[in-house]
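What follows is the residue order along each chain.
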Amino acid sequence: MTAPLWTVDAIAAATGAERVGPLPQAVTGISIDSRTVKAGEAFFAIKGDAHDGHDFVAAALRQDAALAVVARNRRDGDDAPLMVVDDVLEALRQVAGAARRRSAAKIVAVTGSVGKTSTKEALALALASSGAAHVSPASFNNHWGVPLSLARMAQAARYGVFEIGMNHAGEITPLVRMVRPHVAIITAVEPVHLEFFASVAEIADAKAEIFLGLEPGGAAVINRDNPHFARLRRLAEEASVHNIVSFGEHAGAEARLLKCALHPDCSTVEAEILGQPITYKIGAPGRHLVMNSLAVLAATSLVGADLARAAIALAQQAPAAGRGTRITLELPGGQALVIDESYNANPTSMRAALALLGQAPLEPASRRIAVIGDMLELGPTGADLHRGLIEAIRHNGIDLVYCAGPLMAALWDVLPSARRGGYAKTAVELEPQVVAAVRAGDVIMVKASAGSRMGPIVKALVRRHSFATAPEPVRVQG
C-alpha cells in the first residue's frame, strides 16, 4: 500500500480549506491531471491556459481520487469529498511551502538557457546513490510545475532536485524563494527567449534571480566557460552568496574538466571536483552532458552526498524522450538510426545536436541527415541565428539537411546544393520528403522548437518502418 504523502489535516492547516463531504484521513499523492490521477491522490482543480480543472473534478473522482481541491466559486454540492479554497493554484503553492518547511532534505535547484532537464536528471541519479532523492518530473519548471513538484516531495526525502525555468524577467524569483535551495546551478546563459529580452546580458540577469532564494550559507554553481560568468558571479555576490563554485575547462574552475573522450553512445571523463580527482563514464553521448556533469558532481559534493557513488551513477544516464533518444529503424537492406531531439531547440542546443550527429559512425555510402525546424522566441535576430547554423553543419560533416519553417528558410538559402535535402514551410509538408528519403545506414537527427511540431516526423518514420525499437530512458523520480 502506498504511504500517505499528506494528511487532510495538514492540507487544511496549510491552505485554510473548508472540508466538505466524506474525506479520507490522508492522500497518497497530488495531481492536477484527471487523465493520470491515481487512486488515493488529491486532485487540485487549477485553471490553466487551455483548460479549467474544475471541469474535470467529476472525472478525477471517478478515477478514485481521494478528494478534490476546488475554488469556492466553483463548489458543486455537498456529497463529494472536497476541500474548498479561495484560489486553487495559491492553495497548491501553500502546500508546496508546507512541504519545504517540513523537509530536512538538501535541495538543489537548476536553471539555465540550455541543459536544465538533463542536468536535473543527472542530479537525480547522482544523489539517489546516497539516499532517497525527489526530482521534479518532465520539465515541471514553471509557475504551476514547481509548486506541484515541491508539494509532491515526501517528508523522508534526503535530497530534492528542482528545475526552474523562465522566459520573462521576474519569473524565477517567486519560484526559487519557494524552493529555497542549498545549491543553485546555472548551466549556461545563451541567446534564448530573445523575443522577450533586449540582450543576452538581460537573460543573465533573469537567470541570476535563482541566487535570491538560496538558503543562508548556500552555494552558487556557475559555468566558468560561459561569457557571462563574471556578470553572474557579481550578481551572486550582490545576493550575499559567499560560496561561489565554477565549473568548466577554465584553469580557475573548481569543478574542472581535465580530459574527455566522446563516443557515439557515451562519454568518459577525467575531472577534478573541488580538489578531488575523479574518472567516470556518462551513459549518454554529448559534450554538453560532459560539461554539465561537472556542475552535477560539484553540487553532489556541496550537499554532502558521496562523490564516488555519484560519479558511478552517471553511467546510467540516458536521454529523456525527445532529448536525444535513439531509435533503430528496420529498412530493406539494413537499419537506420534516428536521434530524436524534437522536444525543443535553441541555437546552442541545435549546435550540440548537430555535433552529436557528427559523432555518429557511418557505414560506407550512408549519410548523416539533419531534419530541423524553426527555433522560436529569438526576436529580430532569428533569421541570422538560423543562418549561422551553416558552420556547425559544415564542421560536423552533415551530408543532407531538411528544413521546415519560415525562419529555417534563411539557412536553406545558404546551404550548398549538395547538402540540400528538402525544404517546406511546415513540418507536416516536410514529413513525406523525409520519410521517402531515408535508406539503410543513414543516421537522422530531428530537432526544432516544440512549437514547430517536428515530433510527428519521428513518429512517421517509426510507423513506416514498423519494426522500430526505442530504448526506455533511465529515470529516477521521487
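Asks: Looking at this structure, I do not really get the overall build of the chain. What am I missing?
Replies: Within the chain one finds 16 helices and 22 strands. The C-alpha atoms of the chain give a radius of gyration of 23 Å, which matches the 23 Å a tight globule of 478 residues would have. Viewed in the frame of its principal axes, the chain has a C-alpha envelope of about 70 × 50 × 45 Å. By the burial criterion, 54% of the 478 residues in the chain qualify as buried. The contacts in the chain between residues at least 6 apart in sequence include a share of 65% that link residues at least 24 apart. Summing over all exposed atoms, the chain offers an accessible surface of approximately 19800 Å²; the carbon and sulfur share of this is 51%. The averaged location of the 46 negative side-chain charges in the chain is 3 Å from the averaged location of its 46 positive side-chain charges.

Asks: Teacher, can you tell me more about the sheet that holds strand E22 (residues 443–447) here?
Replies: Pairing between sheet strands relies on hydrogen bonds along the backbone, with the strands arranged either parallel or antiparallel. A sheet is described by the order of its strands in space; here 6 strands give the open sequence E17-E18-E22-E19-E20-E21, paired in mixed fashion. Edge positions in the sheet fall to strand E17 (325–331) and strand E21 (420–424), since each has one partner strand and no second. Taken pair by pair, the neighbouring strands of this sheet meet at an average axis angle of 15 degrees, ignoring direction. As judged from the 5 bridges shared by strand E18 (residues 334–341) and E22, these two strands associate in the parallel manner. Pairing of Glu341 across the sheet is with Lys447, part of E22. Helix-sheet contacts for helix H16 (residues 455–464) involve E17, E18, strand E19 (368–373) and E22, and the interaxial angle to E17 is about 35 degrees.

Asks: How should the packing of aromatic side chains be read in this particular structure?
Replies: Aromatic ring pairs are described here by two measures, namely the spacing of the ring centres and the angle between the planes. Inspection of the entire model under this criterion finds 2 aromatic pairs. Directly above the ring of Trp6 sits Arg102, whose terminal nitrogen or CZ lies 3.6 Å from the centroid. One residue, Arg323, lies across the ring of Tyr343, its end atom 3.8 Å from the ring centre.

Asks: Could you clarify how one ought to interpret unusual backbone geometry in this entry?
Replies: In this structure, Asp64 is a non-glycine residue whose phi angle is positive, near 75 degrees. Residue placement: Asp64 occurs in the loop between helix H2 (57–62) and strand E6 (67–71). The exposure class assigned to Asp64 is exposed, which follows from its relative accessible area of 52%. Of note in this structure, Glu377 is not a glycine but carries a positive phi near 60 degrees. With respect to the element layout, Glu377 can be found in the loop between E19 and helix H12 (382–387).

Asks: Just to check I follow, could you spell out the sheet that holds strand E9 (residues 133–135) for this structure?
Replies: Taking strand neighbours across the sheet as the criterion, the 9 strands line up as E9-E10-E8-E11-E12-E13-E14-E15-E16 in an open arrangement whose pairing is mixed. Only two strands of the sheet have a single neighbouring strand rather than two, namely E9 and strand E16 (276–282). With direction set aside, neighbouring strand axes in the sheet form an average angle of 20 degrees. Judged from the 5 bridges that link them, strand E12 (residues 219–223) and strand E13 (residues 243–248) form a sheet pairing that is parallel. Across the sheet, residue Ala220 finds its bridge partner in E13, namely Ile244. The strands that helix H4 (residues 116–128) touches are strand E8 (106–111), E9, strand E10 (159–163) and strand E11 (183–186); relative to E10, the one it contacts most, it runs at about 175 degrees.

Asks: What exactly am I supposed to notice about the packing of helix H1 (residues 8–15) against helix H3 (residues 88–102) here?
Replies: When two helices pack together, their arrangement is captured by the angle between the axes and the distance separating the axes. Packing of H1 against H3 brings their axes to within 8 Å, and their N-to-C directions diverge by 110 degrees. What the angle tells us is that H1 and H3 run roughly perpendicular. The interaxial crossing formed by H1 with H3 has right-handed handedness. Packed against H1, whose contacting residues are Ile11, Ala14 and Thr15, the element H3 presents Ala91, Gln94, Val95 and Ala98 at the interface. Along the lines of polarity and charge, the residues of the contact of H1 with H3 split into 5 nonpolar, 2 polar and no charged.

Asks: What is the right way to read the pattern of salt bridges from this model?
Replies: Proximity of charged atoms lets side chains of opposite charge pair with each other. Applying the stated criterion across every chain yields a total of 20 salt bridges. Measuring nitrogen to oxygen at the nearest pair gives 2.7 Å for the salt bridge that ties Asp9 to Arg19. Of the two residues, Asp9 sits in helix H1 while Arg19 sits in strand E2 (residues 18–20), which places them 10 residues apart along the sequence. The exposure class assigned to Asp9 is partly exposed, which follows from its relative accessible area of 48%. Classification of Arg19 by relative accessible area gives partly exposed; the value is 44%. Here Glu215 ties to Arg180 by a salt bridge, and the two come within 3.1 Å at their closest N and O atoms. Residue Glu215 is located in the loop between helix H7 (200–207) and E12, and its partner Arg180 is located in the loop between helix H6 (172–179) and E11; the two are separated by 35 residues in the primary sequence. Look at Arg180 and you get partly exposed, because its relative accessible area is 27%. One continuous salt-bridge network, built from bridges that share partners, spans Glu18, Arg72, Arg75 and Asp86.

Criteria and cut-off values
Residues numbered from 1 in each chain as written. Predicted model: local features only at pLDDT ≥ 70, side-chain atom pairs only at ≥ 80, totals over all residues. Heavy atoms only, no water. Helix = DSSP H or I, 4+ residues; strand = E, 2+ residues; numbered from the N terminus. Rg over C-alpha atoms; globule rule 2.2 N^0.38 Å. Buried < 20%, exposed > 50% of the residue type's maximum accessible area, 1.4 Å probe, protein only. Contact = heavy atoms within 4.5 Å. Areas by Shrake-Rupley, 256 points an atom, 1.4 Å probe, with all protein chains shown as cover. Lys, Arg positive; Asp, Glu negative; His and termini not counted. Charge placed at Lys NZ, Arg CZ, Asp CG, Glu CD. Pairing = 2+ DSSP bridges. Axes fitted to C-alpha atoms, helices over the stretch in contact; angles between N-to-C directions. Phe/Tyr/Trp six-rings, centres within 6.5 Å; stacked < 30°, edge-to-face > 60°. Lys NZ or Arg CZ within 6 Å of the ring centre and 35° of its normal. Parallel < 35°, antiparallel > 145°, perpendicular 65-115°, else oblique. Left-handed = near helix turned anticlockwise from the far one by under 90°. Nonpolar A, V, L, I, M, F, W, Y, C, P; charged D, E, K, R; others polar. Salt bridge = Lys/Arg side-chain N within 4 Å of Asp/Glu carboxyl O.

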